[in-house]
Amino acid sequence: MTSTALRASQLSRYNDDAVLSAPPARLLTMLYDRLLLDLNRAQFAQENANWGVASENLLHAQSIVTELSSTLKTDVWDGASGLLSIYQYAMEAMIGANIYRDVNRTKECIVLLEPLRQGWHDAASQLPVQATVSGTARTNGTLGVG
């Protein structure tokens, strides 16, 4: 194994450990950070007519929104249905951005989701230090958090 491959393997393991040991609030902020990173990368790729990279990032962003939607507990929080509607709208916009190579739809998703990302970061920073959730985080490496 080359030193570069070894370093990449170590970094991957470090990221996996960070995700597996993160408290729920941190996992949420990590997902939002990656979601906005994907959307910004997609926007840049679209603006440069790099459709393969744009598609890859939009598909990954859709995976994150799917995860956020599927873990939203609409029976526990009265604001959940409104947030679910935002996720559904963003999903439709990302699909359209990908199919029609429409950078404006990607930009719209960024404008829509960035305040949510910041809001979750603000909320998470107000929480007391939490114990880690060792072994309970669901990840198979495809969402790229960490």
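An unreviewed UniProt entry annotates the protein as Flagellar export chaperone FliS originating from Arthrobacter ramosus. Listed under Subcellular location (unreviewed entry) in UniProt, the entry text for the protein is "Cytoplasm, Cytosol". As its UniProt record puts it under Sequence similarities (unreviewed entry), the protein is described as follows: "Belongs to the FliS family."

Draft legend 1. Looking closely at the overall build of the protein. In terms of regular secondary structure, the protein is built from five helices and zero strands. Secondary structure elements of the protein, listed N to C terminal, follow the sequence α-α-α-α-α. Within the span of the protein, comprising 146 residues, buried residues form 31% of the whole. In the protein, the share of contacts with a sequence separation of at least 24, taken over all contacts with a separation of at least 6, comes to 71%. Working note: accessible area of the protein is about 8800 Å², and carbon and sulfur atoms make up 55% of it.

Draft legend 2. Structural detail: the nonpolar core. Core analysis: the biggest nonpolar cluster contains 23 residues, and L35, L39, L68, Y87 and M94 have the highest contact counts within it. For this core, the secondary structure elements donating two or more residues are α2 (24-47), α3 (51-70), α4 (80-99) and α5 (103-126). Here the element with the most residues in this core is α4; it accounts for eight residues. Setting aside residues up to four positions removed in sequence, Y87 forms contacts with Y32, V65, L68, S69 and L72.

Conventions adopted
- Residue positions are given per chain, counted from 1 along the sequence in the order it is written.
- Local features in a predicted model are, by the rule used here, given only for residues with pLDDT of at least 70; side-chain atom pairs are given and counted only at 80 or more, and totals for whole chains, interfaces and linings are based on all residues.
- The side-chain values count all of the structure's non-hydrogen atoms but skip hydrogen atoms and water molecules.
- UniProt positions are given in the numbering used here, feature names are shortened, and annotations may be inferred rather than shown by experiment.
- Per the convention used, a helix needs a DSSP run of H or I reaching at least four residues, while a strand needs a run of E reaching at least two, with both numbered from the N terminus.
- Accessibility here uses a 1.4 Å probe with only protein chains present; expressed as a share of the type maximum, an area under 20% marks a residue as buried, one over 50% as exposed, and anything in between as partly exposed.
- By definition in these notes, contact holds between two residues if any of their heavy atoms fall within 4.5 Å.
- All accessibility values rest on the Shrake-Rupley procedure with a 1.4 Å probe; residue burial counts only the protein chains present in the view.
- We call a set of buried residues a nonpolar core when its members are Ala, Val, Leu, Ile, Met, Phe, Trp, Tyr or Cys and they connect through side-chain atoms within 4.5 Å of each other.

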